[in-house]
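Structure at a glance
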Amino acid sequence: MEKVLFKIAKQWIAGNTIDDALISAKTAYKSGRYAIINKLGEYHTSKKQITSTIAEYKKIINSFRKWKIRGAISIKPTQIGLSINQKQCYQNFERIIQDARHAHVFVWLDMESSEHTDETIEIYNSFFSKYERIGIALQANLKRTEDDLSSLLRIGAKIRLVKGAYREKERISFKSKEDVDKNYVKLMKILFKKGNEFAIATHDEKIIQKAENLAKKYPKKFEFQMLKGIRDELKPKLIKKKFVVSDYIPYGINWLPYSFRRIKERKRNILLLGNSLIQS
Ligand code: FDA
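This report concerns the structure included in the present document. Worth saying up front: this structure is predicted, and the values here are computed from it rather than measured. (Residues numbered from 1 in each chain as written. Predicted model: local features only at pLDDT ≥ 70, side-chain atom pairs only at ≥ 80, totals over all residues. Heavy atoms only, no water.)

1. Structural notes on the sheet that holds strand S7 (residues 222–227)
- Strand order in this closed barrel of 8 strands is S1-S2-S3-S4-S5-S6-S7-S8, and the pairing throughout is parallel. Taken over all neighbouring pairs, the strand axes of this sheet differ in orientation by 25° on average, direction set aside.
- Where S7 meets strand S8 (residues 244–251), 5 bridges bridge the pair, whose relative direction is parallel. Of the residues in S8, the one forming a bridge with Gln 225 is Ser 246. (Pairing = 2+ DSSP bridges. Helix = DSSP H or I, 4+ residues; strand = E, 2+ residues; numbered from the N terminus. Axes fitted to C-alpha atoms, helices over the stretch in contact; angles between N-to-C directions.)

Quick look at the structure:
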């Protein structure tokens, strides 16, 4: 089962090591895309695991210059201590962004499930005043996001808009694809009107088309972000139209939860898994 899953997962992840991630980043860079590297893993509670995650992010930051890649990193707060306590997460985040500032590397904060939304925004708010090259992901499937977006835009925050990858309670979230998409477009319009240096992170061609139209009306600094291995045929078309496109490149041995999320996102991926299991 694990072997079959890994075969499918390989299209979305760079490999197990930092070097695999940097090779993927370099390949993306040669094709005109920027790289956002994420070390897979979340909800770390062991100090050893957290320390090694921080060390790896620092190594990636320092490698960008050596490998001549323009890139960013993307961190999940629970992989650097949020599952232990907020103070530890703050200290660890600061250690990473000190190196990032020195190397002029952009740092994204991924958004995890809604139990961590407040804490993640608080972390962002406390560091954005000290270091401007940080951004935060906001999820269109959460009803609270419109308010979060407004208050974050008031401080000039840099936002990555995503649909949301976590299963959330009905009370706090939009459930149907139609409602999530509708909210995504609504939030995207706000970003084009009031934001700057934001990211439209989706593979949804209809939404991407709408973003292209908005970009004509509101010429803002923004980029399209997509996951490694998804909609690879669309990326060069956007680059040809002079849009900036970044690849989100995950790596590491904790590839299973990430890959399950990708499989669940698309009926065709579930069928692919089913067929592969039958054949194995
Ligand atoms: P949607 O799922 O509606 O798909 C639209 C179309 O895109 C599909 O019809 C298909 O053509 C294509 N597609 C989508 N997924 C595919 C797949 N797995 N395989 C093949 N084709 C696929 N989430 C989160 O909660 N917190 C975060 O911090 C982030 N960060 C993040 C960064 C970046 C750069 C991206 C692109 C996405 C995230 N996400 C995320 C994930 C996000 O919330 C969402 O789960 C996925 O992007 C899938 O949603 P789409 O916008 O692609 O739309």
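On we go.
2. A word on the pairing of strand S6 (residues 198–201)
- Here S6 shows no split at all, with Phe 198 and Ile 200 on one side and Ala 199 and Ala 201 on the other all buried.
- Sheet topology note: the strand S5 (residues 158–162)/S6 ladder contains 2 bridges and is parallel. For Leu 161, the partnering residue across the bridge sits in S6 and is Ile 200.
- Between the parallel pair S5 and S6, the chain is carried across by helix H7 (residues 177–194), and the sense of this crossover is right-handed.
- Inspection of the sheet shows S6 paired to S7 by 4 bridges, in the parallel sense. Residue Ile 200 lies in a different strand from S7, and its bridge partner there is Phe 224.
- Handedness of the crossover is the feature at issue here: the chain leaves S6, passes through helix H8 (residues 205–217), returns alongside S7, and the resulting connection is right-handed. (Buried < 20%, exposed > 50% of the residue type's maximum accessible area, 1.4 Å probe, protein only. Right-handed = clockwise from strand over helix to strand, strands pointing away.)

3. Some words on a positive patch on the surface
- A contiguous patch of positive charge, built from Arg 154, Lys 189, Lys 193, Lys 194, Lys 206, Lys 210 and Lys 217, is present on the exposed surface.
- Among the secondary structure elements, those contributing two or more residues to the positive patch are H7 and H8.
- Along the polypeptide, Lys 193 turns up in helix H7. (Patch = residues over 30% accessible without salt bridge, like charges linked within 9 Å, V, L, I, M, F, W, Y side chains within 5 Å. Areas by Shrake-Rupley, 256 points an atom, 1.4 Å probe, with all protein chains shown as cover. Salt bridge = Lys/Arg side-chain N within 4 Å of Asp/Glu carboxyl O. Lys, Arg positive; Asp, Glu negative; His and termini not counted. Charge placed at Lys NZ, Arg CZ, Asp CG, Glu CD.)

4. Topic: the pairing of strand S1 (residues 34–39)
- For S1, a buried count of 5 out of 6 residues is recorded, marking the element as mostly surrounded by other parts of the structure.
- Here S1 pairs with S8 via 6 bridges, running parallel. Bridge pairing in S8 links Ala 35 to Asp 247.
- Sheet analysis places S1 next to strand S2 (residues 71–75), joined by 3 bridges and oriented parallel. Each residue of the ladder has a partner; that of Ala 35, found in S2, is Gly 71.
- Running through helix H3 (residues 47–66), the crossover from S1 to the neighbouring parallel element S2 is right-handed.

5. Re the environment of Glu 94
- Relative to the helices and strands, Glu 94 is located in helix H4 (residues 86–103).
- Once you skip the residues sitting within four places of it in the chain, Glu 94 turns out to touch Phe 127 and Lys 130. (Contact = heavy atoms within 4.5 Å.)

6. Notes on the site of the ligand
- Taken together, 25 residues sit near the ligand, with Lys 163, Gly 164, Lys 177, Thr 202 and His 203 positioned nearest.
- At 3.2 Å from a nitrogen atom of the ligand is found a side-chain nitrogen or oxygen belonging to Arg 160.
- The contact in question runs from an oxygen atom of the ligand to an N or O atom on the side chain of Lys 163, over 2.7 Å.
- Look at the ligand: alone it shows 930 Å² of surface, and the protein chains cover 87% of it.
- When atoms are counted within 2 Å of each cavity's grid points, the one that captures over half of the ligand is the largest pocket.
- If you list the elements that add at least two residues to the shell around the ligand, you get strand S4 (134–139), S5, S7 and helix H10 (256–265).
- Counting residues per element, the shell around the ligand draws most heavily on S7, which supplies 3 residues.
- Taken together, the residues that form the shell around the ligand break down as 10 nonpolar, 6 polar and 9 charged.
- Here the shell around the ligand gathers at least three residues from each of two domains, domain 1 (1–16 + 255–280) and domain 2 (20–252). (Near = heavy atom within 4 Å. Polar contact = N/O pair within 3.5 Å; in protein donor to acceptor, adjacent residues only side chain to side chain. 1 Å grid on protein atoms, 1.4 Å probe; cavity = no way out; pocket = protein on both sides within 12 Å on 5 of 7 lines; lining within 4 Å. Sits in = over half its atoms within 2 Å of the grid points. Nonpolar A, V, L, I, M, F, W, Y, C, P; charged D, E, K, R; others polar. Domains from an automatic or database assignment.)

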